[in-house]
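Listed below, chain by chain, are the residues.
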Amino acid sequence: MKDIKSMTLAELEQEMAQLGEPKFRAKQIYTWVHRGARSFDEMSNLSKNLRERLAENYELYCPTAVRKLESQRDGTIKYLWRLKDGNCVESVLMRYHHGNTVCISSEVGCPMGCAFCASTLGGLVRRLTPSEMLDQVLFTQLDSGLQISNIVLMGIGEPLDNFDTVCRFLELVNSPEGMNIGMRHISLSTCGIVDKIDLLAQKNLQLTLSVSLHAPIDEVRSRIMPINKKYPVDVLLASCKRYFEATGRRISFEYAMIRDVNDTQEIAQLLVKKLRGIAAHVNLIPLNDVEESPLKPSRPDTVRAFQQTLEKNGIPATVRRTLGGDINASCGQLRRKYEQSARKE
Ligand code: SAH
């Protein structure tokens, strides 16, 4: 059966033509689907006959929340969603002054193998479908009762490893007849798959590209991020420049501060050198402790000193406030714990 929630409005119009239905039906159905309808039976402005034919021909799946954790400190809510095939992915709702932001996953697991990341420990299980990405935004909004205004693709998985699906998801979530979330309210984070960054640049979307840099030199970066062996730092930064030239959008660089690995003053100076001439903003994130990893977060003084060196040299840098520390809110940790406990049961 065809997955109706992964279809664009134009595709749904074609489907309706094939079923011998007028064009406006497509918009009615699309609106229901994007409001989170759980079955065709809910679509009360369609005839019973049409609802039955839709149910025979199309799949309309909605995920269930198997875990929901709410931070007592800052109201962050973490969801673990069960997908149609029993796999689970996480989304996190963060409440910022500038609006409610949902961080969503793009894959079940991740193939990229970064040394500090919990999402990649079991490798890639499978890529998500467009509807499975959309559902995370839709049902986080419906379940929490909070209007979502921003999306970050920074959950489990590598969005650019699931390129076509991510592009379709962006089209769906951005559509005026759907959730209508503006591209400028969406950030996409990548470990640095350069050929896909170039493809994305061609699309000239107004979203924010976040690049997980984490080190300015190959010697260090290759040690913690295997992708660096394929696309070394200079190659990656050149693609960031091209991205800016094509879209006019400043690049946001993610930099997880790892004690004695990438946090020295010498490395801060090297980072300054590498980022000179790139319209950049650096987000410093104290490393989140992952049980399975020997890597530790930098000390607060070291983080501050690193930030000051960047700022003094004209590179805007902020230290990211960590939210949801009491609910294991970072990347892949909840899914991992859940799968481990499910295996024991
Ligand atoms: N695959 C994409 C997006 C998912 S990860 C990417 O690599 O960008 C979102 C961000 O969290 C990335 O910057 C990633 O490097 C970072 N991250 C992963 N594990 C982390 C940890 N233990 N502590 C801090 N940041 C982490």
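Before any of the text, the structure's been laid out above.
Not measured: the values here are computed from a predicted model.

What counts and what doesn't
Residues numbered from 1 in each chain as written. Predicted model: local features only at pLDDT ≥ 70, side-chain atom pairs only at ≥ 80, totals over all residues. Heavy atoms only, no water. Helix = DSSP H or I, 4+ residues; strand = E, 2+ residues; numbered from the N terminus. Buried < 20%, exposed > 50% of the residue type's maximum accessible area, 1.4 Å probe, protein only. Contact = heavy atoms within 4.5 Å. Areas by Shrake-Rupley, 256 points an atom, 1.4 Å probe, with all protein chains shown as cover. Lys, Arg positive; Asp, Glu negative; His and termini not counted. Charge placed at Lys NZ, Arg CZ, Asp CG, Glu CD. Expected span 1.5 Å × (residues − 1). Near = heavy atom within 4 Å. Polar contact = N/O pair within 3.5 Å; in protein donor to acceptor, adjacent residues only side chain to side chain. Pairing = 2+ DSSP bridges. 1 Å grid on protein atoms, 1.4 Å probe; cavity = no way out; pocket = protein on both sides within 12 Å on 5 of 7 lines; lining within 4 Å. Points joined across faces, edges and corners; volume = space filled by probe spheres on them. Nonpolar A, V, L, I, M, F, W, Y, C, P; charged D, E, K, R; others polar. Phe/Tyr/Trp six-rings, centres within 6.5 Å; stacked < 30°, edge-to-face > 60°. Lys NZ or Arg CZ within 6 Å of the ring centre and 35° of its normal. Core = buried A, V, L, I, M, F, W, Y, C linked by side-chain atoms within 4.5 Å.

A.B. asks: Tell me about the overall build of the protein chain, and name the residues and values.
C.D. replies: The helix and strand tally for the protein chain stands at twelve helices and 14 strands. Among the 345 residues that make up the protein chain, the fraction classed as buried is 56%. Residue pairs at least 24 apart in sequence account for 67% of intrachain contacts in the protein chain once pairs closer than 6 positions are excluded. Total accessible area on the protein chain stands at roughly 15400 Å², and carbon and sulfur atoms take up 48% of it. Averaging the positions of the 46 positive and the 41 negative side-chain charges in the protein chain gives two centres separated by 3 Å.

A.B. asks: Before we move on, can you summarise helix α5 (residues 163-174) with the specific residues and values?
C.D. replies: In a regular helix each residue adds 1.5 Å, so twelve residues correspond to 16 Å; α5 covers 16 Å between its end C-alpha atoms and thus fits that length. Buried residues along α5 sit in contact with α2 (24-34), α4 (130-144), β9 (148-153), β10 (186-190) and α6 (194-203).

A.B. asks: Explain the side chain of S252 to me, and be specific about the residues and the numbers.
C.D. replies: When you line up the elements, S252 lands in strand β12 (residues 251-257). What S252 contacts, discounting residues up to four positions off in sequence, is T208, L209, S210, V211, H281 and N283.

A.B. asks: Tell me about the site of the ligand, and name the residues and values.
C.D. replies: Near the ligand you find 18 residues, and of these F116, S189, S212, H214 and N288 are the closest. The contact in question runs from an oxygen atom of the ligand to an N or O atom on the side chain of S212, over 2.6 Å. Computed on the free molecule, the ligand has an accessible area of 530 Å², of which 92% lies beneath the protein chains in the complex. Broken down by secondary-structure element, the contributors of at least two residues to the shell around the ligand are β10 and β12.

A.B. asks: Now, about the pairing of strand β3 (residues 64-70): what can you tell me, with residues and values included?
C.D. replies: Successive residues of a regular strand alternate their side chains across the two faces of the sheet. Strand direction decides the pairing type here: β3 and strand β4 (residues 77-82), joined by six bridges, are antiparallel. Across the sheet, T64 pairs through a bridge with R82, a residue of β4. Here β3 folds back onto β4, and the loop between the two strands holds six residues, one of which, G75, carries a positive phi near 80 degrees.

A.B. asks: Give a detailed account of the layout of surface pockets, specifying residues and quantitative values.
C.D. replies: Taken as a whole, the second largest pocket holds about 180 Å³ of empty space. Around the second largest pocket sit 14 residues that line it, and E59, K84, T129, S131 and E132 are the ones nearest its centre. Here the element with the most residues in the lining of the second largest pocket is α4; it accounts for four residues. A breakdown of the residues in the lining of the second largest pocket according to their chemical character gives four nonpolar, three polar and seven charged.

A.B. asks: Hey, could you go over the packing of aromatic side chains for me, with residue numbers and the actual values?
C.D. replies: Counted by the stated rule, this structure contains two aromatic pairs. Ring centres of Y79 and W81 lie 4.8 Å apart, and the angle between their planes is 10 degrees; on these two criteria the pair is classed as stacked. Taken individually, Y79 and W81 each receive the classification buried, so the pair is uniform in this respect. Ring plane angle 35 degrees and centroid distance 5.1 Å describe the contact between Y255 and F306, whose orientation is recorded as tilted. Here F306 lies in helix α11 (residues 300-312) and Y255 lies in strand β12, a separation of 51 residues in the sequence. A relative accessible area of 0% places F306 in the buried class. Here R35 stacks its cationic end above the ring of W32, 5.4 Å away from the centre of that ring.

A.B. asks: Any chance you could break down the nonpolar core for me, citing the residues and the numbers?
C.D. replies: Within the largest apolar cluster, 82 residues are counted, with the highest numbers of intra-cluster contacts made by V137, I151, F169 and F253. Per element, the largest residue contribution to this core is six residues, and it comes from α5. With near-sequence residues (within four places) excluded, V137 lies in contact with V102, I104, I148, I151, F169, V173, M179 and I181. Counting 19 residues, the second-largest nonpolar core is a separate cluster that includes W32, V33, L54 and Y58.

A.B. asks: Lay out the pairing of β4 with the relevant residues and their values.
C.D. replies: By the criterion of burial, β4 is predominantly enclosed, with five of the six residues buried. Bridge count between β4 and strand β5 (residues 88-96): six bridges; the pairing is antiparallel. Paired with Y79 across the two strands is S91, which belongs to β5.

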